[in-house]
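Working through the structure, step by step
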Amino acid sequence: AGNKVVIEEYLEGIECSVFVLTDGNSYAILPEAKDYKRIGENNTGLNTGGMGALSPVPFYDKDFAKKTEERIIIPTIKGIKQENMNYRGFIFFGLMNVGGNPYVIEYNVRMGDPETEAVLPRIKSDFLSLLTAASEKKLSNTKVEISKEATATVIVVSEGYPGHYEKNKVITGIEEITDSIVFHSGTTTNNDNTVTSGGRVLAISSFGKDIFEAIEKSYRSVKNIHFENMYYRKDLGTDLK
């Protein structure tokens with residue numbers, strides 16, 4: 001390893017995640033999202049599994065989407081076919097917007113977290129039917145219907161995450177949330193109480209006419225939740241205004 005040096009182009013810009021479902025021949029583009037990895041506000045501190053996500057992404061306009069499809073998605077699907085991979089499933093494209101052009105900084109073969117909690121609510125099509133079509137190589141006959149509403153997901157974590165954190169903290173207020181979807185991540189039950197069992201505890205997702213209304217609703221819902229040493233970022237979306 002010490003005998004080689006790899007020189008890569010430096011990329012500076014804003015990241016976003018694009019998701020595709022493929023049957024190995026055809027593909028369906030799912031809603032894009034932007035997540036927030038740093039534990040601290042203004043993107044400071046350690047990287048985490050994700051402190052929140054938004055969909056759609058404001059800079060992911062028709063022009064950027066066309067470039068992404070033509071330059072990245074289509075060549076990727078062609079490459080899968082040429083390599084005879086017989087791959088059926090998700091492709092995660094981690095992109096960087098560099099001067100209005102998409103650059104790939106990450107590939108994955110799954111949905112991202114917490115992007116999934118922002119992306120799935122916007123898919124109006126029957127999700128099981130999409131998965132079935134992918135498994136049966138029938139995606140070319142399938143259209144994905146996407147909601148025009150925006151979604152925003154706020155991750156509630158245990159203080160100390162992504163480092164050391166305490167568990168078994170009683171969580172209250174979940175039942176009071178009516179305007180948002182509550183996804184459980186690091187929770188379990190103890191004596192009929194819902195308690196924390198992980199660093200990332202809950203994901204709160206909301207709809208809105210735009211991402212900023214959705215963010216406001218998620219933050220309003222989060223205020224109902226209480227457990228000892230609870231923490232969440234309060235600046236999601238401020239970099240997109």
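Please refer to the structure placed before this passage.
The structure contained in this document is the topic of the report that follows. Every value quoted in this text rests on a predicted model; they were computed, and no experiment measured them.

Definitions and cut-offs
- Residues numbered from 1 in each chain as written.
- Predicted model: local features only at pLDDT ≥ 70, side-chain atom pairs only at ≥ 80, totals over all residues.
- Heavy atoms only, no water.
- Helix = DSSP H or I, 4+ residues; strand = E, 2+ residues; numbered from the N terminus.
- 1 Å grid on protein atoms, 1.4 Å probe; cavity = no way out; pocket = protein on both sides within 12 Å on 5 of 7 lines; lining within 4 Å.
- Points joined across faces, edges and corners; volume = space filled by probe spheres on them.
- Nonpolar A, V, L, I, M, F, W, Y, C, P; charged D, E, K, R; others polar.
- Buried < 20%, exposed > 50% of the residue type's maximum accessible area, 1.4 Å probe, protein only.
- Pairing = 2+ DSSP bridges.
- Core = buried A, V, L, I, M, F, W, Y, C linked by side-chain atoms within 4.5 Å.
- Contact = heavy atoms within 4.5 Å.
- Axes fitted to C-alpha atoms, helices over the stretch in contact; angles between N-to-C directions.
- Phe/Tyr/Trp six-rings, centres within 6.5 Å; stacked < 30°, edge-to-face > 60°.

1. As for unusual backbone geometry
Cis geometry marks the peptide bond from Asp113 to Pro114; its omega dihedral reads 20°. Topologically, Pro114 is positioned in the loop between strand 8 (101-108) and helix 2 (115-119). For the bond running from Tyr161 to Pro162, omega is 10°, close enough to zero to count as cis. Examined against the element boundaries, Pro162 turns out to sit in the loop between strand 9 (150-158) and strand 10 (181-184).

2. Re the layout of surface pockets
Looking at the largest pocket, its volume works out to about 570 Å³. For the largest pocket, the lining is made up of 25 residues, of which Glu15, Asp35, Tyr36, Lys37 and Asn47 are closest to its centre. Every element with two or more residues in the lining of the largest pocket is listed here: strand 1 (14-22), strand 3 (34-35), strand 7 (89-98) and strand 8. By residue number, the principal contributor to the lining of the largest pocket is strand 1, which donates four residues. Each residue belonging to the lining of the largest pocket can be placed in one class, and the counts come to seven nonpolar, seven polar and 11 charged.

3. Regarding the pairing of strand 6 (residues 52-55)
Neither face of strand 6 is exposed, since Gly52 and Leu54 on one face and Ala53 and Ser55 on the opposite face are all buried. With four bridges joining them, strand 6 and strand 9 adopt antiparallel strand pairing. Counted as the bridge partner of Ala53 is Thr153 from strand 9.

4. Comments concerning the nonpolar core
In summary, soluble globular proteins display a tendency toward joint burial of nonpolar side chains. The biggest cluster of nonpolar side chains holds 22 residues, and the ones touching the most others in it are Leu54, Ile171, Leu202, Ile204 and Ile225. Only strand 9, strand 13 (200-208) and helix 4 (211-222) provide two or more residues apiece to this core. Looking at which element gives the most residues to this core, the answer is helix 4, with five residues. Leu54 has contacts with Glu32, Ala33, Lys34, Tyr36, Ala118, Thr151, Ala152, Ile211, Ile215, Gly237 and Leu240, leaving out every residue within four places of it along the chain. Residues Leu21, Ala28, Phe90 and Phe92 belong to the second largest nonpolar core, which totals 15 residues.

5. Considerations on the sheet that holds strand 1
Taking strand neighbours across the sheet as the criterion, the four strands line up as 2-1-7-8 in an open arrangement whose pairing is antiparallel. In this open sheet, the two edge strands, each paired with only one partner strand, are strand 2 (27-29) and strand 8. For this sheet, the mean angle separating the axes of adjacent strands, direction not counted, is 35°. Both strand 7 and strand 8 contribute to a ladder of seven bridges, which runs antiparallel. When the bridges of strand 8 are listed, Asn97 appears paired with Pro102. Relative to the sheet, helix 1 (residues 62-82) contacts strand 1, strand 2, strand 7 and strand 8, its axis offset from that of strand 8 by approximately 40°. Against the sheet, helix 3 (residues 127-135) engages strand 1 and strand 7, with an angle of about 65° to strand 1.

6. Focus: the packing of aromatic side chains
Under the counting rule described, the total for this entry stands at seven aromatic pairs. Seen from their ring centres, Tyr60 and Phe64 are 5.5 Å apart, and the 70° between their planes marks the pair as edge-to-face. Across the pair, exposure class does not vary: Tyr60 and Phe64 are buried alike. Among the aromatic residues, those joined into a ring-pair cluster are Phe59, Tyr60 and Phe64.

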